[in-house]
Amino acid sequence: MCGATFMTGLDFSVVTVALPEIGRDLGFTSTGSLQWVATACLLPTASLLPLFSRVSDIVGRRRLFILGVALFGAFSLTAALATGPALLVAARAGQGTSAAMIAPTAIALMTAAFPEGAALGVNGAVLSLGFVLGTLGGGVITSGLSWRWTMLLLTAIGALVLLGAVTVLPRTGTRVPARLDVPGAVLASIGLFALVYAISTGADAGWGSPPTSASLALASLSLTAFLLVERRHPAPLIPLGLLNRPTLTSSPS
């Protein structure tokens, strides 16, 4: 589970370092279009996290975790073999979607296996290690070999994590017989997607540009509608009562 967390952290940082080499190799026409190699992964990861957190309760955490790891490895291999910008960006979007499956299920499985909570500290440290090693190792791999080897490295790590998940994780898991909050899932995904899109592209396009302003307006409307829907839905995607818990509203200084 920590290996999966390490893999996703490594992915975000290693690709950022390799962007210039990717742009030269695949013929990206501008810096703005090259930025989509990173943004295409970030958008689905951020926008789909609440959805997959709920889906994992319904279909089973182990099952969704294994599916996410398998898809992440497959999309990493596709990215390594990409022959043009379109295929690479599509593969990166697939990696981001897979990461959104992995993150909530890994934490849920970890807290179930280690109720005392110590594993979460290890998980956070491993995630930070992935970011650091990705930044340092990405430059070494890209300059010494090729940016494609960064994707092949992620494929190899994904294969090891998948092997561990299939052989180590217990098959017994908790599944909640509940229906999915479809309106909440749609509104949350649209709102978070629009918000992250505006933040990711606003600096280049201009914070007052029509695309950025429209994205921020869409995010505001969608997230407001999401809160209204969650108040009335019998099985909300995010129970708003959680926000009133003392552990969330206050923290030690």
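A quick note: this is a predicted structure, and the numbers were derived from the prediction, not measured.

Draft legend 1. Molecular detail of the overall build of the protein chain. Within the protein chain one finds 10 helices and zero strands. The linear arrangement of helices and strands in the protein chain, starting from the amino end, is α-α-α-α-α-α-α-α-α-α. Relative to its full complement of 253 residues, the protein chain shows a buried share of 43%. A separation of at least 24 residues holds for 80% of the contacts in the protein chain among residues at least 6 apart in sequence. Accessible surface computed for the protein chain: about 12600 Å², of which carbon and sulfur atoms make up 71%.

Draft legend 2. The arrangement of the confidence of the model for the protein chain in detail. Model confidence for the protein chain is summarised by a mean pLDDT of 80, while 87% of its residues fall at 70 or above. Within the protein chain, helix H10 (residues 246-249) has the poorest average pLDDT of any element, 51, and helix H4 (residues 61-80) the best, 92.

Draft legend 3. Region of interest: the side chain of Thr5. By the secondary structure assignment, Thr5 is in helix H1 (residues 2-26). Excluding residues within four positions of it along the chain, Thr5 makes contact with Ala106, Asn123 and Leu127.

Draft legend 4. Summary view of the nonpolar core. Membership of the largest hydrophobic core comes to 33 residues, with the highest contact counts inside it found for Ile22, Val37, Phe65 and Leu88. Per-element accounting of this core gives the leading share, 10 residues, to H1. For Leu88, the contacting residues outside a window of four places in its chain are Ile22, Leu26, Phe28, Val37, Ala79, Ala82 and Trp147. Leu51, Val55, Leu64 and Met101 belong to the second-largest nonpolar core, a separate cluster that totals eight residues.

Draft legend 5. A look at helix H3 (residues 36-59). At Leu49, H3 shows its largest kink, close to 50°, and the proline Pro50 lies no more than four residues downstream. Summarising burial for H3: 17 of the 24 residues are buried, a large majority. Phi turns positive, to about 110°, at Gly60, one or two residues after H3.

Draft legend 6. Just the packing of H3 against H4, in detail. Contact pair H3 / H4: the axes reach a minimum separation of 6 Å and the direction vectors enclose 125°. Taken as axis vectors, H3 and H4 run oblique relative to one another. Judged by residue contacts, Phe52, Val55, Ser56, Asp57 and Val59 of H3 engage Arg61, Arg63 and Leu64 from H4. Here the contact of H3 with H4 is composed, by residue class, of four nonpolar, one polar and three charged.

Definitions and limits used
Residues numbered from 1 in each chain as written. Predicted model: local features only at pLDDT ≥ 70, side-chain atom pairs only at ≥ 80, totals over all residues. Heavy atoms only, no water. Helix = DSSP H or I, 4+ residues; strand = E, 2+ residues; numbered from the N terminus. Buried < 20%, exposed > 50% of the residue type's maximum accessible area, 1.4 Å probe, protein only. Contact = heavy atoms within 4.5 Å. Areas by Shrake-Rupley, 256 points an atom, 1.4 Å probe, with all protein chains shown as cover. pLDDT = per-residue confidence, 0-100. Core = buried A, V, L, I, M, F, W, Y, C linked by side-chain atoms within 4.5 Å. Bend = angle between axes of the 7 residues up to and from the residue. Axes fitted to C-alpha atoms, helices over the stretch in contact; angles between N-to-C directions. Parallel < 35°, antiparallel > 145°, perpendicular 65-115°, else oblique. Nonpolar A, V, L, I, M, F, W, Y, C, P; charged D, E, K, R; others polar.

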